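# Examination of the molecular architecture
What follows is each chain in one-letter form.
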Amino acid sequence: MMLSEKHVSRVGRLQVEESIKLKISWLRIWVESGIPWLSSSQGEKIRDKHGELQLDYFPVNVAEFCEWDGSQNCEHVRAALPKIARTNRSGLSSTHIKLKAEIERLGKDLARKAKQQLIEENKGDRITALENEVTFLRLVLERQETEITQMRLKEISLDEKLTQTERALANGAAHYDRTVALLEKQVSELTASLRKVVPLKMSL
């Protein structure tokens, strides 16, 4: 009877150990390959109110590891997870000291991985946004340069027309001055002639 109880206890302990190792192995994959993003059931990444991606649930300490059974994850991630279960925390602390230490180490690694992923992803989003803004500003600049060129050409055309008009006015004024001078000369000559004729008439 005692042997049977010991056997059952040993089997139960091994099952718990395998369950813990299964969860640990999955967290190792996340540390190496990346923590899953929070996604819809169709696998579309979900963004927060600021438009940034969010990471799905992952445990960062022993207590969270023990409670983690996949129910905390989104449906899309749960579909990829193996069947995992909650872990008895007291049993982990008393009989699986090495595994507990590894869980603590993995929690720290996952926290660093999460920070790295978010920084890289948000940086990528910002770079994309800045590239789009640069593209837009270039288009605006090109359009403004085209408008400025057109305005300069129009200004040149107007300057040419203004110059032509001023030249025409100047030529007209000179012609008018010459005509007036000629007429004044003619009047002067006629006046002089008239003065010569008038005394002759009076003498007759």
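Right, let's walk through the structure included here. Remember, it's a predicted structure, so these values are computed and weren't measured experimentally.

Our focus in this paragraph is the packing of aromatic side chains. What the rule picks out here adds up to one aromatic pair. Here Lys23 stacks its cationic end above the ring of Phe65, 4.6 Å away from the centre of that ring.

With respect to the secondary-structure elements, Asp56 resides in the loop between α1 (2-33) and α2 (62-67). Here Asp56 sits buried without a salt bridge, and the closest side chain of opposite charge, Arg78, lies 7.4 Å off (N-O distance). Not counting residues within four places of it along the chain, the set of residues in contact with Asp56 comprises Ile35, Pro36, Trp37, Leu38, Gln72, Asn73, Cys74 and Val77.

When the charged atoms of two side chains with opposite charge come close together, those side chains can pair. Counted under the stated rule, the structure contains five salt bridges. Among the salt bridges present, the one from Lys21 reaches Glu17, with a minimum N-O distance of 3.0 Å. Residue Lys21 and its partner Glu17 are both found in helix α1; the two are separated by four residues, about one turn of the helix. Judged by relative accessible area, which is 36%, Lys21 ranks as partly exposed. Here Glu67 and Arg86 are joined by a salt bridge, their closest N and O atoms 3.5 Å apart.

What counts and what doesn't
Residues numbered from 1 in each chain as written. Predicted model: local features only at pLDDT ≥ 70, side-chain atom pairs only at ≥ 80, totals over all residues. Heavy atoms only, no water. Phe/Tyr/Trp six-rings, centres within 6.5 Å; stacked < 30°, edge-to-face > 60°. Lys NZ or Arg CZ within 6 Å of the ring centre and 35° of its normal. Helix = DSSP H or I, 4+ residues; strand = E, 2+ residues; numbered from the N terminus. Buried < 20%, exposed > 50% of the residue type's maximum accessible area, 1.4 Å probe, protein only. Lys, Arg positive; Asp, Glu negative; His and termini not counted. Salt bridge = Lys/Arg side-chain N within 4 Å of Asp/Glu carboxyl O. Contact = heavy atoms within 4.5 Å.

All we've got here are geometric facts, nothing functional implied.
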